[in-house]
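Fold and geometry: a report
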Amino acid sequence: MPLEKTFSVDRRKTEDQAPSNPGQLPPDEFHPDELWMEEALRCAQRALEAGEVPVGAVVICNDVRVDVGNGQSESRGQIAGRGRIVGRGWNRNISDHDPTAHAEVIALREAGATVGNHRLEDCTLFVTIEPCAMCAGALVHARVKRLVYGADDPKAGAVHSVMQVLNHPQLNHQIQVDKIEIHPIDVRKIDVRGGVLAGRSAEVLQTFFRNRR
C-alpha cells in the first residue's frame, strides 16, 4: 500500500466499466471482480474523508460458518452472491498513529477475527493499489487464496513493480501472477489479478496528492 504520488494503469488489462447489471447479482456463478473492487473504492473514500491516503481493501470469503459455542454455528459477513465480505479496511496511519495501519492489514485483521482463524485460505483480498512489501508479506502469512488489485505502484509495489514479495522462490507460500507470467510450481500459490478499475483507483490517489500541494 503506497504513499507515493505516481501510479500507473495497464490499459491492456482493464477498463473502468461498471458491471453490466448493476444492483443485481451476476448471472454466472462467479462474482465479478469489478463489483468487489467497487467496495474497496468505497473504503478508499472513507480514508479520503478522514484525511488519509485514499487506499481501501476488502476481504471476500465463501460462505463462512463460525463456531459460536454449544455446538452452534452461524454465518458471518455480508452476503453478495457466492462470497461474503468478512473484512474491510482503509488507511488509518494518521488516525491511529500506527505505521502498520494500511488498508490491507486492517482488512486482514478484521477478516481473521470474523472467520476465527489467522489463515484465510479460502479468501480473496481486493485492494485499490498494488500492495507494498509489508502488506504483501501479510498476504503470504495469511495464506489468502487470491489477490486482486487496482493500479500498479511503480515506486512501492511488491507484486511486480519494485519487488516480487508474493512470488519469491524461497517462500513456502508462493504466488501465481498471471499478469507477468510467473507460475511457481509450489502447490500453495495465490492467483493475482492486477488492473481492475485501475483508472479510478489511480485517479483518487492522484487527486488526493494534487490537492495537498
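Criteria and cut-off values
Residues numbered from 1 in each chain as written. Predicted model: local features only at pLDDT ≥ 70, side-chain atom pairs only at ≥ 80, totals over all residues. Heavy atoms only, no water. Helix = DSSP H or I, 4+ residues; strand = E, 2+ residues; numbered from the N terminus. Buried < 20%, exposed > 50% of the residue type's maximum accessible area, 1.4 Å probe, protein only. Contact = heavy atoms within 4.5 Å. Areas by Shrake-Rupley, 256 points an atom, 1.4 Å probe, with all protein chains shown as cover. Phe/Tyr/Trp six-rings, centres within 6.5 Å; stacked < 30°, edge-to-face > 60°. Pairing = 2+ DSSP bridges. Axes fitted to C-alpha atoms, helices over the stretch in contact; angles between N-to-C directions. Parallel < 35°, antiparallel > 145°, perpendicular 65-115°, else oblique. Nonpolar A, V, L, I, M, F, W, Y, C, P; charged D, E, K, R; others polar. Right-handed = clockwise from strand over helix to strand, strands pointing away. Expected span 1.5 Å × (residues − 1).

Our focus in this paragraph is the overall build of the protein chain. Tallying secondary structure elements over the protein chain gives five helices and nine strands in all. The order of helices and strands in the protein chain, counted from the N terminus, is α-β-β-β-β-β-α-α-β-α-β-β-β-α. For the protein chain, the proportion of its 213 residues judged to be buried stands at 51%. Across the protein chain, every contact between residues at least 6 apart in sequence was considered, and the portion connecting residues at least 24 apart equals 59%. Roughly 10600 Å² of accessible area belongs to the protein chain as shown, and the carbon and sulfur atoms make up 48% of that amount.

Turning our attention to the packing of aromatic side chains. The way to describe two aromatic rings as a pair is by their centre distance and the angle between their planes. Following the criterion strictly, the structure yields one aromatic pair and no others. Residues F208 and F209 carry aromatic rings whose centres are separated by 5.2 Å and whose planes lie at 75 degrees to one another, so their mutual orientation is edge-to-face. Across the pair, F209 and F208 agree in class, each one buried.

With that out of the way, let us pick up the pairing of strand β1 (residues 56-62). Burial of β1 is extensive: six of the seven residues sit out of reach of the surface. Note that β1 and strand β5 (residues 83-90) share seven bridges and pair antiparallel. Across the sheet, residue I60 finds its bridge partner in β5, namely I85. Strand direction decides the pairing type here: β1 and strand β6 (residues 123-129), joined by five bridges, are antiparallel. Within β6, the residue paired with C61 across the bridge is C123.

This brings us to the packing of helix α1 (residues 33-49) against helix α5 (residues 198-212). Put simply, α1 and α5 touch, their axes get as near as 11 Å, and they point 5 degrees apart. Judged on the interaxial angle alone, α5 and α1 are roughly parallel. Contact residues: E38, L41 and L48 in α1; R200, S201, V204 and F208 in α5. Split by residue class, the contact of α1 with α5 holds four nonpolar, one polar and two charged.

Turning our attention to the pairing of strand β7 (residues 146-151). With respect to burial, β7 is a largely interior element, five of its six residues being buried. The pairing of β6 with β7 spans five bridges and is parallel. Its bridge partner lying in β7, F126 is registered against V148. Once you follow β6 into helix α4 (residues 133-142) and on to β7, the crossover reads as right-handed.

Time to look at helix α3 (residues 103-115). Under the 1.5 Å per step criterion, the end-to-end length of α3 is 18 Å for 13 residues, consistent within 8% with the ideal 18 Å. Residues of α3 that are buried include every one of A103, E104, V105, I106, A107, L108, A111, G112 and T114, and no others. Immediately beyond the C-terminal end of α3, within one or two residues, lies G116, with a positive phi of roughly 80 degrees.

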